[in-house]
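# Overview (structure and organization)
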Amino acid sequence: MASQNKTTPARISKIQDSRKIIPSAEELTSGILNGDKTSLARAITLVESAKKESLEKANTIIEKCLAKKTDSIRIGITGVPGVGKSTFIESFGKKLTSLGKNVAVLAIDPTSTQTKGSILGDKTRMQELVKDENAFIRPSPSGISLGGVTRKTRETIILCEAAGYNIILVETVGVGQSETAVHSMVDFFLLLKLPGAGDELQGIKRGIIEMADAIVINKADGDNLKRARSASVEFSRALHLYPPKENGWMPKVLSCSALENTGLDEIWEMILKYISENKAANFFTSKRQKQNKNWLLQTLDDQLKQHFYQDKKVVKALEKLIDDVINNRISPFRAAEKLLRAHHK
């Protein structure tokens, strides 16, 4: 009997082959609609793939998932590195799951421009939330293009909502232009700040303040409490210099401690009030419709650019024209005209 239960090389090979079998679009869609995390993760991998056959399958899945009506709230969370985004998201996510919410965390990790690699460490930083059966965490590389981030994250949101996650938290890398991309796909945009960082007024000059629906002073605990109160006052005063947003909302300033789980209830109540007011004024729906329009236009830009650089005539001419531009034998404008003509022929 013992010899019959041994794992032979042939059996190992059979198990490995079974794991390599890729489910069909119909099977993955069925799994997603039934809340299966494995099917959801596999579908997101298809979305992130650059292979044509994978994208075709992903588009089929997304179209089927779009038909499922969901009552979700999409929340973007940003802040400079070190502000405690991951800790905040874990504490806030646990708070939401304790209220009966299903939470999906989409974390965009920075991709190295040198090695093209990405750490993808959010699952290790959110050790409690990752074990929560009502939570799903998906770190994704930002890639080298902002448009790529936008497409992948938008489509991943649709898949997560179809899988039953009614709160979608999108974490940005906190640097570069990814904030603008994330702002264009969420219902509520939250900016985390540090107490006593010395940039209370200087930060107001940045465009990101204008995008924020709320500013939360994180790490408001211990010796930081006094500095957090001071920062809250400074931001509140400065925000009054800005006109109300298109929907009439005046951004709020709150403080919290993700480590001590304080202030999280107030943040959630504020978000619910914002969503309620937006739905009552029909701004919630119109904003999502506008985002869908921008999604289409961004996708067109991405695909046109992709087709252009994959054109064999363009590939053949590009290297020489780059050399000519570098050595001032031709202007960049004239070189671009030649490449576009080659593409259109």
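Here the structure is a predicted model, which means the values were calculated and not measured.

Parameters and conventions
Residue indices follow the written sequence of each chain, beginning from 1 at its first position. It should be noted that, the model being predicted, local features are given only for residues of pLDDT at least 70 and side-chain atom pairs only at 80 or more, the latter also being counted only at that level, while totals for whole chains, interfaces and linings use all residues. Side-chain measures here rest on the full set of heavy atoms in the structure, leaving out hydrogens and waters. Counting from the N terminus, the helices are the DSSP runs of H or I reaching at least four residues and the strands are the DSSP runs of E reaching at least two. Buried means the residue's accessible area, taken with a 1.4 Å probe over protein chains only, is under 20% of the maximum for its type, while exposed means over 50%, and partly exposed covers the values in between. Contacts are assigned to residue pairs that have any heavy atoms within 4.5 Å of one another. Each accessible area is a Shrake-Rupley estimate made with a 1.4 Å probe; only the visible protein chains count as cover when residues are assessed. A 3.5 Å cut-off defines polar contacts: any pair of N or O atoms within that distance qualifies, except that in protein one atom must be a possible hydrogen donor and the other a possible acceptor, and neighbouring residues in sequence count only when both atoms are side-chain atoms. Candidate patch residues must exceed 30% relative accessible area and have no salt bridge, after which like charges are joined if within 9 Å and Val, Leu, Ile, Met, Phe, Trp or Tyr side chains if within 5 Å. Within this document, salt bridges are pairs made up of a side-chain nitrogen of Lys or Arg and a carboxyl oxygen of Asp or Glu, the two lying within 4 Å of each other. As used here, the term nonpolar core means buried Ala, Val, Leu, Ile, Met, Phe, Trp, Tyr and Cys residues forming a set that is joined through side-chain atoms within 4.5 Å.

Turning next to the overall build of the protein. A count of helical and extended segments in the protein gives 14 helices and seven strands. Within the span of the protein, comprising 345 residues, buried residues form 44% of the whole. Put simply, of all contacts in the protein between residues at least 6 apart along the chain, 74% involve residues at least 24 apart. Approximately 19,200 Å² of the protein is accessible, and the part contributed by carbon and sulfur atoms is 54%.

Moving on, we come to the side chain of D132. Mapped onto the elements of the fold, D132 is located in the loop between α6 (122–125) and β3 (135–141). Reaching out from D132, the side chain makes a polar contact with the side chain of K94 at a distance of 3.4 Å. A distance of 2.8 Å separates a polar side-chain atom of D132 from the backbone nitrogen of N134. Beyond its immediate sequence surroundings of up to four residues, D132 is in contact with K37, K94 and T97.

Once that is clear, we can look at a nonpolar patch on the surface. A cluster of nonpolar side chains, namely L296, L297, L300 and L304, defines an oily patch on the protein surface of about 390 Å² accessible area. Examined against the element boundaries, L297 turns out to sit in helix α12 (residues 283–310). Residue classification places L297 among the partly exposed residues on the basis of a relative accessible area of 41%.

Moving on to the nonpolar core. Counting 44 residues, the largest nonpolar core has I32, L40, I61, L159 and I215 as the members making the most contacts within it. Setting aside chain neighbours within four positions, we find I215 in contact with L191, K193, I209, F235, L239, K252, V253 and L254. One finds I73, V105, M126 and C256 within the second-largest nonpolar core, a separate group that totals 32 residues.

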